[in-house]
Amino acid sequence: MTQLSFEPSSTSAHEAIERQQIAYDFSQEVRHREAFEAYCQWYYETAAQHQAELAAMEHDIPLFNWFRRGKSTEAPR
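Residues numbered from 1 in each chain as written. Predicted model: local features only at pLDDT ≥ 70, side-chain atom pairs only at ≥ 80, totals over all residues. Heavy atoms only, no water.

Colleague: What exactly am I supposed to notice about the overall build of the protein chain here?
Modeller: A tally of helices and strands in the protein chain yields 2 helices and 0 strands. Within the protein chain, buried positions represent 3% of all 77 residues. Accessible area for the protein chain stands at about 8200 Å²; split by element, carbon and sulfur atoms hold 59% of it. (Helix = DSSP H or I, 4+ residues; strand = E, 2+ residues; numbered from the N terminus. Buried < 20%, exposed > 50% of the residue type's maximum accessible area, 1.4 Å probe, protein only. Areas by Shrake-Rupley, 256 points an atom, 1.4 Å probe, with all protein chains shown as cover.)

See the structure below:
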């Protein structure tokens, strides 16, 4: 049977905590950037969809103007 032995590392507790904090900060930054990238992707896709819907609506019949009797159909300046 193999004996396991514990040998203390040459780094101090302070250095180990600093390394852990750096690793934690790095992983938090990676998660933040990935979430931001996902948000940007969603935003661009949604904006493109809204632009396509707006372009399609420009060719629709202006039903709302039928209910605005006596007012011009021009957009306000």
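From this point, things continue past the structure.
Colleague: In this structure, what is going on with the packing of aromatic side chains? I would like to understand it.
Modeller: Ring pairs (aromatic) are described by centroid distance and by the angle formed between their planes. Tallying each qualifying case throughout the model produces 3 aromatic pairs. Centre to centre, the rings of Tyr-39 and Trp-42 are 5.8 Å apart; their planes meet at 35 degrees, and the pair counts as tilted. With Tyr-39 and Trp-42 both in helix α1 (residues 13-57) and 3 residues apart, this pair spans about one turn of that helix. Look at Tyr-39 and you get partly exposed, because its relative accessible area is 45%. For Trp-42, a relative accessible area of 47% corresponds to the partly exposed category. Here the aromatic rings of Tyr-43 and Tyr-44 are separated by 6.2 Å at their centres, their planes lie at 75 degrees, and the arrangement is edge-to-face. Exposure remark for Tyr-43: the relative accessible area of 46% places this residue in the partly exposed category. You can call Tyr-44 exposed: its relative accessible area is 57%. Among the aromatic residues, those joined into a cluster by ring pairs are Tyr-39, Trp-42, Tyr-43 and Tyr-44. (Phe/Tyr/Trp six-rings, centres within 6.5 Å; stacked < 30°, edge-to-face > 60°.)

So yeah, pure geometry; function would need other evidence.
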